[in-house]
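# An overview of the molecular structure
Residue-level listing of the chains:
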Amino acid sequence: QSEAQLTLQLSDGDRSENQTIDFVLYNTQPDFNRDNFGDLLWVNQVTGGIVQWSIKAINNQPESVSRTFINADSAVGWDVVDSLDFNNDGHRDILMRNHSTDENKVLLLNGLNQTNAVSIGANRPIANMAWQMKAAGNFDSDAETEILWRNLETGGFALWDMDGNDATANFVDLTAIGLTAGNALPLKWEIQTTGDFDGDGKDEVLWRNTENGSNAIWTMNGSELVSSAFLPQLSNLEWSMIGTSDFDLNGTMDIAWRNAMTGQNAIWQMTQQGDSYIQTDSRFIPNLTNTDWTAV
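These notes cover the structure that comes with them. Keep in mind the model is a prediction, meaning the values are calculated, not measured.

## Looking at the pattern of salt bridges
Applying the stated criterion across every chain, the model contains 4 salt bridges. One salt bridge connects R283 with E63, and the closest N-O pair in it is separated by 2.3 Å. Residue R283 is located in strand β21 (residues 276-285), and its partner E63 is located in strand β5 (residues 61-69); the two are separated by 220 residues in the primary sequence.

In structure tokens:
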């Protein structure tokens, strides 16, 4: 996000005055190279290399892909969890976790080059390794990032609210779906990715049911679940969501998918109608059949 000012000249016919309004611009697009097109991030599980795909839109259709290696530390031994602007410099950074050592770090980037690596969350050691870091987002539209965790034994989940490199942990309030903070969801529902679908500067959480292919979206306000809605179903369970961005430049986030069995990749083009999100079209993008590569 970045701060900006807008100066308006107000007049009632007899006099006029200038009024300055401060506001915040939110950059919710994964756009590492600042070309104004949505990106996907890929990690090679063998070599630890990290690659950015820029999905270029032509006539409001996601058509071509350019690929660039990111000059950063190797990801070998680390899980690359997500990317977000952690230090508010206008550049996406990369969140990583080592589940064996309980270490977390952020690779700070300046575009496609790493400038530093910082440890985060050391004040909140995770003794129970059933808790897995699943996604990052800005769920309350402040200047700090939140990190979403899931307990893979109980189905419970919690939110780290970051303050610099330190974290405050809160259970997610599930009153909106008839549950309370600390309650669990069935493990058949998996967190897939996040993205700001309604344009309010707060990220939503996307879920997939790994038994029947149902998909859902959660609207968040910090650690509170505000509402939930179903997305179109995709019954072929070989497909999973791998990222979000406004790939077709229509003002609404779209959803990128990957078929891990075939190496196919595709984009659901979305639009918002009231409180619902409608799939208007789908487009295949280049395949990636080398299973050493996984999308973040």
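## Focus: the nonpolar core
Core analysis: the largest hydrophobic core is formed by 17 residues, its most contacted members being F86, L95, I147, W149 and W160. Looking at this core, the elements with two or more residues in it are β6 (79-84), β8 (103-109), β10 (131-137), β11 (146-151) and β12 (157-163). In contact with I147, not counting residues within four places along its chain, are F86, L95, I120, M133, A135, A136, A158, L159, W160 and M162. By size, the runner-up hydrophobic cluster in this structure holds 16 residues, among which are L148, L159, I191 and L225.

## Digging into the sheet that holds strand β9 (residues 114-119)
Strand order in the open sheet made by the 4 strands is β6-β7-β8-β9, with antiparallel pairing throughout. Each of the sheet's edge strands pairs with one partner strand only, and the pair in question is β6 and β9. Each adjacent strand pair in this sheet contributes to an overall mean axis angle of 25 degrees, direction not counted. In this sheet, β9 lies alongside β8 in antiparallel orientation, the contact comprising 5 bridges. Directly across from L109, in β9, lies its bridge partner Q114.

## Some remarks on unusual backbone geometry
You will see that N59, though not glycine, has its phi angle at about 55 degrees, which is positive. Position of N59 among the secondary structure elements: in the loop between β4 (50-58) and β5.

## A short note on the environment of M220
Locating M220 in the fold gives a position in strand β16 (residues 215-221). Not counting residues within four places of it along the chain, the set of residues in contact with M220 comprises F139, V172, K202, D203, V205, L225 and V226.

## Side note on the sheet that holds β11
Strands sit in the order β10-β11-β12-β13 across an open sheet of 4 strands; the sheet is antiparallel. Each end of this open sheet is capped by a strand with a single partner; those strands are β10 and β13 (166-171). The sheet shows a mean angle of 30 degrees between the axes of neighbouring strands, direction not considered. Alignment of β11 against β12, held across 5 bridges, turns out to be antiparallel. Across the sheet, the residue bridging to I147 is W160, located in β12.

About the thresholds
- Residues numbered from 1 in each chain as written.
- Predicted model: local features only at pLDDT ≥ 70, side-chain atom pairs only at ≥ 80, totals over all residues.
- Heavy atoms only, no water.
- Salt bridge = Lys/Arg side-chain N within 4 Å of Asp/Glu carboxyl O.
- Helix = DSSP H or I, 4+ residues; strand = E, 2+ residues; numbered from the N terminus.
- Core = buried A, V, L, I, M, F, W, Y, C linked by side-chain atoms within 4.5 Å.
- Buried < 20%, exposed > 50% of the residue type's maximum accessible area, 1.4 Å probe, protein only.
- Contact = heavy atoms within 4.5 Å.
- Pairing = 2+ DSSP bridges.
- Axes fitted to C-alpha atoms, helices over the stretch in contact; angles between N-to-C directions.

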